[in-house]
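# Topology and contacts: notes
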4 protein chains.
Amino acid sequence: MKKITLPLAFVALSAGLALAQVQPSKQTPESTEIWEPVPPVVTPGVYSANTAGTTPPSDAIVLFDGKNADNWVANKGYNPTNSTDPLQWLVKDGVLYSGKTSSAMTKQQFGDMQLHIEFQTPPKVEGNGQGRGNSGIFLQGRYEVQVLDNYQNPTYVNGMVGSIYKQAIPLANPSRKPGEWQSYDIIYLAPKFNKAGLMIEPGYVTVLLNGVLVQNRAAIRGTTEYIGYPKVQAHGKGPLILQDHGNPVGFRNIWVREI
Amino acid sequence: MKKITLPLAFVALSAGLALAQVQPSKQTPESTEIWEPVPPVVTPGVYSANTAGTTPPSDAIVLFDGKNADNWVANKGYNPTNSTDPLQWLVKDGVLYSGKTSSAMTKQQFGDMQLHIEFQTPPKVEGNGQGRGNSGIFLQGRYEVQVLDNYQNPTYVNGMVGSIYKQAIPLANPSRKPGEWQSYDIIYLAPKFNKAGLMIEPGYVTVLLNGVLVQNRAAIRGTTEYIGYPKVQAHGKGPLILQDHGNPVGFRNIWVREI
Amino acid sequence: MKKITLPLAFVALSAGLALAQVQPSKQTPESTEIWEPVPPVVTPGVYSANTAGTTPPSDAIVLFDGKNADNWVANKGYNPTNSTDPLQWLVKDGVLYSGKTSSAMTKQQFGDMQLHIEFQTPPKVEGNGQGRGNSGIFLQGRYEVQVLDNYQNPTYVNGMVGSIYKQAIPLANPSRKPGEWQSYDIIYLAPKFNKAGLMIEPGYVTVLLNGVLVQNRAAIRGTTEYIGYPKVQAHGKGPLILQDHGNPVGFRNIWVREI
Amino acid sequence: MKKITLPLAFVALSAGLALAQVQPSKQTPESTEIWEPVPPVVTPGVYSANTAGTTPPSDAIVLFDGKNADNWVANKGYNPTNSTDPLQWLVKDGVLYSGKTSSAMTKQQFGDMQLHIEFQTPPKVEGNGQGRGNSGIFLQGRYEVQVLDNYQNPTYVNGMVGSIYKQAIPLANPSRKPGEWQSYDIIYLAPKFNKAGLMIEPGYVTVLLNGVLVQNRAAIRGTTEYIGYPKVQAHGKGPLILQDHGNPVGFRNIWVREI
């Protein structure tokens, strides 16, 4: 490991002030942001996600078909804890809208899977960076594929739409315009853990966003962390969690095929 | 991503002192330390690394054969920058000892490879945690396989001997005692980058430490960083760098087979 | 390896006839057919491939856009040999139809890529097994993703639509009915060879057929062979080849994104 | 796939006639032999396998320690069928010698593992090609890592020592001389199958032979077959099987670490 180089600010403070109470050792969210290289912008093709009538394959487990949120419960935090709290998200005109009080967690749990999900960030643009159309899809309740309105809205590249949040930069930015429906097609292989709780194979994830490859079997190092490093925690099957981030992001046509 | 919760220290400081200039947002090394799960301790077998007369395969590029350090130059920092500075490390009794003024970098550059290297942490134990027998092997000058005296010397698990430093926890801790020779056998596949400088395949590394598997084709996310997250920087072939960390760690029998 | 167990037929023949001239060493195509396990039939969703107006992403190399076959030449055999022979395939109503005199090979060569291609087996069903709606997509001119009318038409499973021909059985059979447009979305990582011409990383291919995962990063062992085993032949970039198999299979909307 | 050409033999036989010209449709072993590219010959270093006193790591399951074959039973064929038949192999001077009546199968079953095994082909050279010092290590009783005296003894490259028999050519030929002890260090990840019995992840195997990398996470396509293609058969844990091939090959220091 590298030697400790005390940050200038810390040195200055140490020298000049009584700093028993200063704790510069706190990591902040910015510490784990990466800003380059910037994935190229790609205009996706006119794809099914914008087409009425897209339907799931016959062997899919349909998690949301536009009618109700019966397959979901409320989840506080981003861990796949047990919950029987009813979900308060709005279902309207065939769309499931993220709410402000909790995330949405499937009742059913999954391992290896193909996942299809469509999302719509708000047509009326508000905020910027991570504050615009932010949500997320937590695979097995732990590993986040970022949802964000990234259309002409720069942010750190390991937090872009199509990223494995703070772990893997997407290969492209094929964002559609705010208010347009976008699609994720995700192939996910669950991690393998041994008796000691150590990861002998990482989770692997391949992601198409609007039909464009953004992750090529990216290895998932551990849990998605806002601050600090991914953690390794052995687990079995887990639910999908859709994140509430305070922005009303719509979802539709959510299905899983166990593979 | 998760919402920002201001750290208490920051809030307290902001409220209590005029600290506009304080930047507690600096990440510190501790921020990216992981402390569990702890890999099991394994006593390795009596292996060749302790045996006189171990020799490289016939197609190996021998980087150090005990006689001199002619294949190496001095390197400041842990980046594979050009250097023609002569290396000041001590060669004695067939051993190359890390010095205090620079790291050691090979003149030759490598891509995919099998690497064998033997190391010896100081017989006289001094310091603890990361301060005991610390060095490192930087693959392509960027990705560190940690060297540390981890014999009855706990540290954060993503910084243990056998770890990909701050990226991948080892599957076991087969450390030998201080002063005993230990061996690394490493299989390394270089990452692939595309025209945009994005990583389409990560580097992969498999590591045997003293004959015990400690990394199983771990995917390397990016550069080894003491503070913050791995960075993605496209590159071609790169040198090996042996880290100087202020501890006199010995090396011998260093060879590479290009694969 | 296993010991030779003489086939009964051979023994019987040996015993009953003078068979010095018998040459049982000829392998036939059937020798390398695998008939189980049979992938489950899946009815795919109503997807874009059946929708007029599907367009490629902005960074795609469009190989066929419905107007002409200018990006293609004729190819005899299934090897990526040089050719400047004009392609004799029919272009009609925006569709490129396989002909009877040659395969179609792109002028451009590719390495790692995302490939989209849509195909239509003949609406009028003729033949069965491998004789119905047979064509193929040869990645880098060497590795075939099978095209076949497999709708209620059994064949050996390593030769089904969605298979890597005679190498990898598909995970499902999401065939559409004859005459319906079907789509392939393929993520392909080219194999890596070393100086000795040996394969240090296989080609990897992930395939969605009609939106359903049929290959999950299948490792490609070598060239597609009708008789015998895949061969390892080092190569650089290579063209796409669409196979002529005597059945008039239609293609449209063919594009590649280099990744 | 390529067009079907009915084999002459079939036509002739169908006609019910003269068999001199018969070319039986039976595949023979030769059909699946590959003869190039030829892996380079490498002289391995003086390694532990030739050193007295090599011992297993403390967490290893020792399968043969030189004293007796109590952990083994007899196995007919190369499938991991149940057996309680006592093994008739000779144990002499700390070595387990393959016999002539059966293969040797462990009582214990394994999944993911690190395997160490040492072998010695007969000092007195007899036979050639596959007939010299032939044995094999069947991982999970199904997937063979070839054992062969390949020292100055050419054979088809997908059947060489270090090959995954008839599936993966080794990257080098680091054979020691007949009668010298050689070592295999093998890292094996078991394949994953889904409910339909299809393989969603292949087995992966990395192999060091005499300390030289000969397989780099080779994907195992299916069962080892002497004639025809690998088969996909879902299974759980399985035993190790050491093949009897009629040559007295010695084994010692066999241990497994579950990973």
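Residues numbered from 1 in each chain as written. Chains lettered and ligands numbered in written order. Predicted model: local features only at pLDDT ≥ 70, side-chain atom pairs only at ≥ 80, totals over all residues. Heavy atoms only, no water.

### Observations concerning the overall build of chain A
Check the secondary structure of chain A and you find one helix and 15 strands. Buried residues in chain A amount to 66% of all 259 residues. When contacts within chain A are restricted to residue pairs at least 6 apart in sequence, long-range pairs at least 24 apart make up 70% of them. Total accessible area on chain A is roughly 9,400 Å²; 53% of this is exposed by carbon and sulfur atoms. (Helix = DSSP H or I, 4+ residues; strand = E, 2+ residues; numbered from the N terminus. Buried < 20%, exposed > 50% of the residue type's maximum accessible area, 1.4 Å probe, protein only. Contact = heavy atoms within 4.5 Å. Areas by Shrake-Rupley, 256 points an atom, 1.4 Å probe, with all protein chains shown as cover.)

### Concerning the packing of aromatic side chains
Enumeration according to the criterion identifies 18 aromatic pairs over all chains in this entry. Their ring planes at 80 degrees and their centres at 5.0 Å tell us that C:Tyr229 and D:Tyr229 sit as a pair that is edge-to-face. Separated into two different chains, C:Tyr229 in the loop between β13 (212–220) and β14 (241–242) and D:Tyr229 in the loop between β13 (212–220) and β14 (241–242) make up a pair that spans both. With respect to burial, C:Tyr229 and D:Tyr229 carry one shared label: buried. Measuring from ring centre to ring centre gives 6.4 Å for D:Trp89 and D:Phe251, while their planes differ by 25 degrees; the resulting arrangement is stacked. Taken together, the positions of D:Trp89 in the loop between β2 (72–75) and β3 (90–92) and D:Phe251 in strand β15 (residues 250–258) put the pair 162 residues apart, joining distant regions of the chain. Using a relative accessible area of 0% as the deciding quantity, one classes D:Phe251 as buried. (Phe/Tyr/Trp six-rings, centres within 6.5 Å; stacked < 30°, edge-to-face > 60°.)

### Brief notes about the pattern of salt bridges
Taken as a whole and judged by the stated rule, the model has 29 salt bridges over all chains. The partner of C:Lys237 in a salt bridge is C:Glu258, with the nearest N and O atoms 3.7 Å apart. Taken together, the positions of C:Lys237 in the loop between β13 and β14 and C:Glu258 in strand β15 (residues 250–258) put the pair 21 residues apart, joining distant regions of the chain. Each of A:Lys195, D:Lys237 and D:Glu258 takes part in a single network of salt bridges with overlapping partners. (Salt bridge = Lys/Arg side-chain N within 4 Å of Asp/Glu carboxyl O.)

### Considering the side chain of C:His235
Residue and element names in this part refer to chain C. The residue His235 is located in the loop between β13 and β14 in this model. A polar contact is formed between the side chain of His235 and the side chain of Tyr143, at a distance of 2.7 Å. The contacts of His235, once residues within four sequence positions are left out, are Gln140, Arg142, Tyr143, Pro191 and Phe193. (Polar contact = N/O pair within 3.5 Å; in protein donor to acceptor, adjacent residues only side chain to side chain.)

### Thoughts on the relation of the copies chain A and chain D
Structural alignment of chain A on chain D gives an RMSD of 0.0 Å, achieved by rotating through 180 degrees and translating 0.0 Å along the axis. The superposition of one copy onto the other is thereby described by a two-fold rotation axis. Take the interface residues of chain A: 100% of them recur as interface residues in chain D, which is what a same-surface contact looks like. (Least-squares fit on C-alpha atoms with pLDDT ≥ 70 in both.)

### Some thoughts on the pairing of strand β13 (residues 212–220) of chain A
All names here are of chain A. The element β13 is largely enclosed, with a buried count of nine among its nine residues. Taken together, the six bridges between strand β12 (residues 203–209) and β13 define a ladder with antiparallel strand orientation. In the sheet register, Leu208 faces β13, and the bridge partner there is Leu213. Two successive antiparallel strands, β12 and β13, enclose a turn made up of two residues, where Asn210 displays a positive phi of approximately 55 degrees. (Pairing = 2+ DSSP bridges.)

### Comments concerning the interface of chain A and chain D
Listed as interface residues are 12 residues of chain A and, on the opposing side, 12 residues of chain D. Buried surface at the junction of chain A and chain D, both sides included, amounts to about 890 Å², of which 43% is carbon and sulfur. Our count for the chain A to chain D interface comes out at six salt bridges. A salt bridge links D:Lys195 to A:Glu258, with the nearest nitrogen and oxygen atoms 3.5 Å apart. (Buried area = accessible area lost by both parts, 1.4 Å probe.)

### Focus on the sheet that holds strand β2 (residues 72–75) of chain C
Remark on secondary structure: sheet strands pair via backbone hydrogen bonds, oriented parallel or antiparallel. Residues and elements named next belong to chain C. Ordered by their spatial adjacency, five strands build an open sheet running β2-β5-β14-β7-β8, and the pairing between neighbours is antiparallel. Of all the strands in the sheet, just β2 and β8 (143–147) have a single pairing partner and so form its edges. Note: β2 against strand β5 (residues 103–106), four bridges, orientation antiparallel. Within β5, the position partnered with Asn75 by the bridge is Ser103.

### Structural notes on unusual backbone geometry
The linkage connecting B:Glu36 with the following residue, B:Pro37, adopts the cis geometry, with an omega of -5 degrees. Assignment of secondary structure puts B:Pro37 in the loop between α1 (8–16) and β1 (61–64). Non-glycine residue A:Asn210 carries a positive phi angle of around 55 degrees. With respect to the helices and strands, A:Asn210 occurs in the loop between β12 and β13. Even without glycine at this site, C:Asn253 takes up a positive phi of about 50 degrees.

### Overview of the sheet that holds β14(D)
Residues and elements named next belong to chain D. Reading across the sheet, the five strands line up as β2-β5-β14-β7-β8 and stay open at both edges, with antiparallel pairing between neighbours. Of all strands in the sheet, those bounded by a partner on one side alone are β2 and β8 (143–147). With five bridges joining them, strand β7 (residues 135–139) and β8 adopt antiparallel strand pairing. Across the sheet, residue Leu139 finds its bridge partner in β8, namely Tyr143.

### Remarks on the environment of A:Glu118
Residue and element names in this part refer to chain A. With respect to the helices and strands, Glu118 occurs in strand β6 (residues 113–120). We classify Glu118 as buried; its relative accessible area is 1%. For Glu118, the side chain forms a polar contact with the side chain of His116, separated by 2.7 Å. At 2.7 Å, the side chain of Glu118 forms a polar contact with the side chain of Asn253.

### Some details on the environment of D:Gly45
Note that D:Gly45 resides in the loop between α1 (8–15) and β1 (61–64). Looking at D:Gly45, the relative accessible area reads 0%, which means it is buried. Not counting chain neighbours up to four residues away, the residues in contact with D:Gly45 comprise B:Thr55, B:Pro56, B:Pro57 and D:Arg176.

### Focus: the side chain of D:Glu201
Looking at where D:Glu201 falls in the secondary structure, it is placed in strand β11 (residues 199–201). Using a relative accessible area of 8% as the deciding quantity, one classes D:Glu201 as buried. At 3.3 Å, the side chain of D:Glu201 forms a polar contact with the side chain of A:Arg217. Filtering out sequence-adjacent residues up to four positions away, D:Glu201 remains in contact with A:Leu189, A:Tyr204, A:Arg217, C:Asn216, D:Pro191 and D:Lys192.

### A word on the environment of A:Arg221
With respect to the secondary-structure elements, A:Arg221 resides in the loop between β13 and β14 (241–242). Exposure remark for A:Arg221: the relative accessible area of 10% places this residue in the buried category. C-alpha separation for the pair A:Arg221 and A:Met199, spaced 22 residues apart in sequence, amounts to 8.9 Å. Not counting chain neighbours up to four residues away, the residues in contact with A:Arg221 comprise A:Gln167, A:Met199, A:Pro230, A:Val232, B:Gln167, B:Ala168, B:Ala218, B:Ala219 and B:Arg221. A polar side-chain atom of A:Arg221 sits 3.5 Å from the main-chain carbonyl oxygen of B:Ala219.

### Some details on the confidence of the model for chain A
All names here are of chain A. Looking at chain A, pLDDT values average 85 and 86% of them are 70 or higher. Element-level pLDDT for chain A is lowest in helix α1 (residues 8–16), with a mean of 31, against a maximum mean of 98 in strand β8 (residues 143–147). Contacts from residues 48–53, a stretch scored under 50 in pLDDT, to residues over four places away or in other chains number 15 contacts. Our summary of model confidence lists the complex with pTM equal to 0.88 and ipTM equal to 0.87. (pLDDT = per-residue confidence, 0-100.)

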